[in-house]
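# Secondary and tertiary structure notes
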Amino acid sequence: MRTIFELSQTTVPIAGTSSTFPVRRIYCIGRNYAAHAKEMGGDPTREPPFFFLKPRDAIQVCPEGQTVEHPYPPKTSNYHHEVEMVVALGKGGIDVPTDRALDLVYGYAVGLDMTRRDQQNLMREAKRPWEVGKSADFGAPIGLIHPVADVGHPDKGRIALAVNGQVRQAADLSEMIWSVAEQIAILSQHFALHPGDLIFSGTPENVGAVTRGDMMEASIEGLGAIRLKIV
């Protein structure tokens, strides 16, 4: 049987190789740093984690050392940055124990969960899904994926974002409320995880708006940096 048209595969380059990582699904955890949970009106303690999804074609690849143009999306006047460590799964599973969860991880990357905050707030107030706020085109910028064999499993190190050279977000990966292993284990209770899945593991405090002409630089210790210009 012949398909009526072809769809391109979403892939992310793997650092130090000529290979790419095929993306299957994008999961995101909400409010996973205590200070950010507080600034968003949530409980800064270990309340049960919650997740949402982005479409895989929201990926915008940001090669190391290059500045990528990032389009400001329509239907918003309050477009926010959220720097996050991205977890790339090379294996799948269901009901994965926490002590075995990191066995699923292929590598890690710097990412951004870009958010139409005004749209998200409207949906939250109306008790409707967040997709219109979280799933804009190009709303998931990501850097190169660094294999576990090269970087291990980062559980500490600086995560930061600067706009026009001024640091806005800065924290340490150790400040996550739910660890990467815990996130994988909990997700696997709700979904069958597969190779190619990405998990955006949460953002620190001081998320804020950007506008056309702004330059963003997101970085994580050991995983490099990505640079984007809002156009």
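The sections below set out a description of the structure shown in this document.

Parameters at a glance
- Residues numbered from 1 in each chain as written.
- Predicted model: local features only at pLDDT ≥ 70, side-chain atom pairs only at ≥ 80, totals over all residues.
- Heavy atoms only, no water.
- Buried < 20%, exposed > 50% of the residue type's maximum accessible area, 1.4 Å probe, protein only.
- Helix = DSSP H or I, 4+ residues; strand = E, 2+ residues; numbered from the N terminus.
- Pairing = 2+ DSSP bridges.
- Polar contact = N/O pair within 3.5 Å; in protein donor to acceptor, adjacent residues only side chain to side chain.
- Contact = heavy atoms within 4.5 Å.
- Axes fitted to C-alpha atoms, helices over the stretch in contact; angles between N-to-C directions.
- Phe/Tyr/Trp six-rings, centres within 6.5 Å; stacked < 30°, edge-to-face > 60°.
- Salt bridge = Lys/Arg side-chain N within 4 Å of Asp/Glu carboxyl O.
- Core = buried A, V, L, I, M, F, W, Y, C linked by side-chain atoms within 4.5 Å.

A word on the pairing of strand E15 (residues 197–200). With burial as the criterion, each face of E15 is covered, one bearing Asp197 and Ile199 and the other bearing Leu198 and Phe200. Across four bridges, the pairing between strand E3 (residues 25–29) and E15 is parallel. Bridging from a neighbouring strand, tyrosine 27 pairs with isoleucine 199 of E15. Inspection of the sheet shows strand E8 (residues 83–89) paired to E15 by three bridges, in the antiparallel sense. Within the sheet, the bridge partner assigned to valine 87 lies in E15 and is isoleucine 199.

Note on placement: aspartate 113 falls in the loop between strand E9 (105–112) and strand E10 (115–116). Within the local environment of aspartate 113, its side chain forms a polar contact with the side chain of lysine 134, the two groups lying 2.7 Å apart. Beyond its immediate chain neighbours, meaning those up to four positions away, aspartate 113 contacts Phe52, Lys54, His80, His81, Glu82, Glu84, Lys134, Gly139 and Phe200.

Moving on to the sheet that holds strand E18 (residues 224–230). On the basis of which strands lie adjacent, the open sheet formed by five strands has the order E6-E18-E17-E13-E14 and mixed pairing. Either end of the sheet is taken by a strand with one partner, and the two such strands are strand E6 (67–70) and strand E14 (166–172). The sheet shows a mean angle of 20° between the axes of neighbouring strands, direction not considered. Sheet topology note: the strand E17 (residues 215–220)/E18 ladder contains six bridges and is antiparallel. Note on E18: the bridge partner recorded for isoleucine 220 is glycine 224.

Counted by the stated rule, this structure contains five aromatic pairs. On the basis of an interplanar angle of 50° and a centroid distance of 5.6 Å, the ring pair of phenylalanine 52 and tryptophan 130 is categorised as tilted. With phenylalanine 52 in strand E4 (residues 51–54) and tryptophan 130 in the loop between helix H3 (117–125) and helix H4 (131–134), this residue pair connects regions lying 78 residues apart in the sequence. Since its relative accessible area comes to 11%, phenylalanine 52 is described here as buried. Relative to tyrosine 79, the ring of tyrosine 72 lies with its centre 5.3 Å away and its plane at 65°, an arrangement referred to as edge-to-face. There is no split in this pair, since tyrosine 72 and tyrosine 79 are both buried. A network of ring pairs unites the aromatic residues Phe50, Phe52 and Trp130 as a single cluster.

Okay, the pairing of E18 next. One ladder, built from four bridges, connects E6 with E18; its direction is parallel. Its bridge partner lying in E18, glutamate 69 is registered against lysine 229. The antiparallel pairing of E17 with E18 creates a hairpin that spans three residues between the two strands, and glycine 222 there sits at a positive phi of about 90°.

Attention now moves to the pattern of salt bridges. Following the criterion strictly, the structure yields six salt bridges and no others. Glutamate 82 is the partner of lysine 134 in a salt bridge, and the nearest nitrogen-oxygen pair spans 3.3 Å. Here lysine 134 is found in helix H4, whereas its partner glutamate 82 is found in the loop between strand E7 (79–81) and E8, with 52 residues between them in sequence. Grouping residues by exposure puts lysine 134 and glutamate 82 together as buried. Beyond isolated ion pairs, a larger network of salt bridges with shared partners links Lys54, Glu82, Asp113, Arg117 and Lys134.

Moving on, we get to the nonpolar core. Judged by nonpolar contacts, the single largest core of 38 residues is most densely connected at Met85, Val87, Leu89, Leu112, Ile184 and Met216. Elements that contribute at least two residues to this core include exactly E8, E9, strand E13 (158–163), helix H6 (180–190), E17 and E18. Listed in part, the 17 residues of the second largest apolar core include Phe52, Ala88, Ala140 and Ile142.

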